[in-house]
Amino acid sequence: MIVRSLQEAEKTDRRIVSEGWESTRLLLKNDNMGFSFHITTIYEGADLHLHYQNHLESVYCISGEGSVMAETDGVVHEITPGTIYILDKNDKHVLKAKSEMKMACVFNPPLHGKEVHNADGAYELDAEEVNDEK
């Protein structure tokens, strides 16, 4: 059994801060669950252009308001507490925060913990995962 406290994890290197967001990664690849679980804060006014080319992601809004738009169709979906969106096709998307948003996020494959977005808005795979795909 794995038991962790968000408040304790926020005081460790599991908390990653980047431009427009921060994320506390509660469950990571080395926990051997096959997915990672994070509590992410999207800062008010953030306008994030993301494209998780290597990961599938589910995002549940705990608090705050914003929107997400898949670039393939341009449809804007409002995000409020209780809303979930699932990036099941490695969707290129834009996430905007009208107010600070707290989100619960699940990634598959799981993150290692130190990832931040690259120039394409994606998280890189490690060498082992790249070799597994070949």
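Residues numbered from 1 in each chain as written. Predicted model: local features only at pLDDT ≥ 70, side-chain atom pairs only at ≥ 80, totals over all residues. Heavy atoms only, no water.

Going by the annotation in an unreviewed UniProt entry, the name recorded for the protein is L-ectoine synthase, with Microbulbifer bruguierae given as the source organism. UniProt lists a comment for the protein under the heading Function (unreviewed entry), and it reads "Catalyzes the circularization of gamma-N-acetyl-alpha,gamma-diaminobutyric acid (ADABA) to ectoine (1,4,5,6-tetrahydro-2-methyl-4-pyrimidine carboxylic acid), which is an excellent osmoprotectant." We quote the UniProt Pathway (unreviewed entry) comment for the protein here in full: "Amine and polyamine biosynthesis; ectoine biosynthesis; L-ectoine from L-aspartate 4-semialdehyde: step 3/3." (UniProt positions renumbered as here; feature names shortened; annotations may be inferred.)

Turning to the pairing of strand E5 (residues 56–63), a few remarks are in order. Sheet topology note: the E5/strand E10 (residues 101–108) ladder contains seven bridges and is antiparallel. Its bridge partner being in E10, Ser-63 is matched across the sheet by Lys-102. With four bridges joining them, E5 and strand E8 (residues 84–87) adopt antiparallel strand pairing. Paired with Val-59 across the bridge in E8 is Tyr-85. (Pairing = 2+ DSSP bridges. Helix = DSSP H or I, 4+ residues; strand = E, 2+ residues; numbered from the N terminus.)

Right, let's get into the confidence of the model for the protein. Residues at a pLDDT of 70 or more form 87% of the protein, whose mean pLDDT is 89. Looking across the protein, the model is least confident in helix H2 (residues 127–133), with a mean pLDDT of 48, and most confident in strand E7 (residues 76–79), with 98. (pLDDT = per-residue confidence, 0-100.)

So, about unusual backbone geometry. Following Asn-108, the chain continues into Pro-109 via a peptide bond in cis, with omega recorded as -5°. The residue Pro-109 is located in the loop between E10 and H2 in this model. Phi at Asn-32 is positive, roughly 60°, even though this residue is not glycine. The residue Asn-32 is located in the loop between strand E2 (21–27) and strand E3 (36–42) in this model. Its identity as a non-glycine residue notwithstanding, Asn-90 has a phi of 50°, on the positive side. Secondary-structure assignment places Asn-90 in the loop between E8 and strand E9 (92–97).

What follows covers the sheet that holds strand E1 (residues 15–18). Read across the sheet, six strands follow the order E1-E2-E3-E10-E5-E8 without closing on themselves; strand pairing throughout is antiparallel. Looking at strand neighbours, the two that pair on one side only are E1 and E8, the edges of this open sheet. Put simply, the sheet's adjacent strands are angled 20° from each other on average, direction ignored. By the bridge criterion, six bridges tie E2 to E3 in an arrangement that is antiparallel. Directly across from Thr-24, in E3, lies its bridge partner Ile-39. (Axes fitted to C-alpha atoms, helices over the stretch in contact; angles between N-to-C directions.)

Core analysis: the largest hydrophobic core is formed by 22 residues, its most contacted members being Ile-42, Ile-79, Tyr-85, Met-101 and Met-103. Secondary structure elements with two or more residues in this core: strand E4 (47–51), E5, E8, E9 and E10. At four residues, E10 tops the list of elements feeding residues into this core. Apart from the residues within four sequence positions on either side, Tyr-85 is in contact with Glu-57, Ser-58, Val-59, Val-68, Ile-79, Leu-95 and Met-103. (Core = buried A, V, L, I, M, F, W, Y, C linked by side-chain atoms within 4.5 Å. Buried < 20%, exposed > 50% of the residue type's maximum accessible area, 1.4 Å probe, protein only. Contact = heavy atoms within 4.5 Å.)

Quick look at a nonpolar patch on the surface now. On the surface, a nonpolar cluster with roughly 370 Å² of combined accessible area is contributed by Tyr-60, Ile-62, Ile-84 and Ile-86. Listed by contribution, the elements that provide at least two residues to the nonpolar patch are E5 and E8. Summarising the element assignment, Ile-84 is placed in strand E8. The class of Ile-84 is partly exposed, set by a relative accessible area of 48%. (Patch = residues over 30% accessible without salt bridge, like charges linked within 9 Å, V, L, I, M, F, W, Y side chains within 5 Å. Areas by Shrake-Rupley, 256 points an atom, 1.4 Å probe, with all protein chains shown as cover. Salt bridge = Lys/Arg side-chain N within 4 Å of Asp/Glu carboxyl O.)

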